[in-house]
Amino acid sequence: LGGSEKLWSNRDEIMDSIKCEHGYSMDSKPVQYLIDIMCELNPQQQRLFVEFSTGSTRLPIGGLRNLNPKLTIVKRNVGQQSMFVETQDSQQVDNM
């Protein structure tokens, strides 16, 4: 997970790399907050985020935009609360 180069460099690259389902859209405030946070991550934090969200320490050739499937952001309702879940594969979340 070493390295000093950023894995993504701007908001557009992040937005091209994610999809929203199950109650969220790209205009949803929680999605916009996530994108804001991702823009502020330093290279080490980006690598840790990739490992957390994908289970892999590396991105495919071509970077974040070439993740297949894309990072998927879904809303899960747990009782009266909504829970923000971000995962690479929404089917994994649906099976929880």
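Please read these numbers as outputs of a predicted model, since none were measured by experiment.

A. Just the overall build of the protein, in detail. Of regular secondary structure, the protein possesses 4 helices and 3 strands. Scanning the protein from its N terminus toward the C terminus, one meets helices and strands in the order α-β-α-α-β-β-α. Across the 96 residues of the protein, 34% fall into the buried class. Considering only intrachain contacts with a sequence separation of at least 6, the fraction spanning at least 24 residues in the protein is 53%.

B. Region of interest: the environment of N77. In this fold, N77 is placed in strand β2 (residues 71-78). Sequence separation between N77 and H22 is 55 residues; the distance between their C-alpha atoms is 10.0 Å.

C. Broad picture of the packing of aromatic side chains. Tallied over the full model, the rule gives 1 aromatic pair. Measuring from ring centre to ring centre gives 6.0 Å for W8 and F49, while their planes differ by 80°; the resulting arrangement is edge-to-face. With W8 in the segment before α1 (11-17) and F49 in helix α3 (residues 43-54), this pair connects stretches of sequence that are 41 residues apart. By relative accessible area, which is 15% here, F49 ends up buried. In this arrangement the basic side chain of K75 is found over the ring face of Y24, its NZ or CZ atom lying 5.1 Å from the centre.

D. How the structure looks around helix α2 (residues 29-40). Helix length check: α2, at 12 residues, gives a terminal C-alpha distance of 17 Å against a target of 16 Å (1.5 Å per residue), a fit within 8%. When we look at burial in α2, the residues that qualify are V31, L34, I35 and M38. Within α2, the buried residues cover an arc of 100° as seen down the axis, which keeps them to one side. Across α2 from its buried face, at more than 90 degrees, point the exposed residues K29, Y33 and E40.

E. Focus on the pattern of salt bridges. Per the stated rule, a full pass over the model turns up 3 salt bridges. When the shortest N-O distance is used, the salt bridge between E21 and K19 registers 3.4 Å. Residue class for E21 comes out partly exposed when judged on its relative accessible area of 26%.

F. Looking closely at unusual backbone geometry. The amide bond that connects N68 to the next residue, P69, takes the cis arrangement and shows omega of 5°. Residue placement: P69 occurs in the loop between α3 and β2. Residues other than glycine seldom take positive phi values, yet H22 does so here, at roughly 55°. With respect to the helices, strands and loops of the structure, H22 is situated in the loop between β1 (18-21) and α2.

Conventions used here
Position numbers for residues count from 1 along each chain, tracking the sequence in the order it is written. Given that this is a predicted model, residues contribute local features only at a pLDDT of at least 70 and side-chain atom pairs are listed and counted only at 80 or more, while totals for whole chains, interfaces and linings are drawn from all residues. The side-chain figures draw on all heavy atoms in the structure; neither hydrogens nor water molecules are used. In this description a helix means any DSSP run of H or I spanning at least four residues, a strand means any run of E spanning at least two, and both kinds are numbered starting from the N terminus. The cut-offs for exposure are 20% and 50% of the maximum accessible area for each residue type, with area from a 1.4 Å probe on protein chains only; residues under the lower value are buried, those over the upper are exposed, and the others partly exposed. In what follows, residue pairs with any heavy atoms lying within 4.5 Å of each other are defined as contacts. For Phe, Tyr and Trp, where Trp contributes only its six-membered ring, two rings pair if their centres lie within 6.5 Å, and the inter-plane angle classes them as stacked under 30 degrees, edge-to-face over 60, or tilted in between. Look at NZ for Lys and CZ for Arg. If either is within 6 Å of the ring centre and within 35 degrees of the ring normal, a charge sits over the ring. To estimate the expected span of a helix, subtract one from its residue number and multiply by 1.5 Å. Summarising the geometry, the arc corresponds to the directions from the helix axis toward the C-beta atoms. Salt bridges are defined by distance alone: a side-chain nitrogen of Lys or Arg within 4 Å of a carboxyl oxygen of Asp or Glu.

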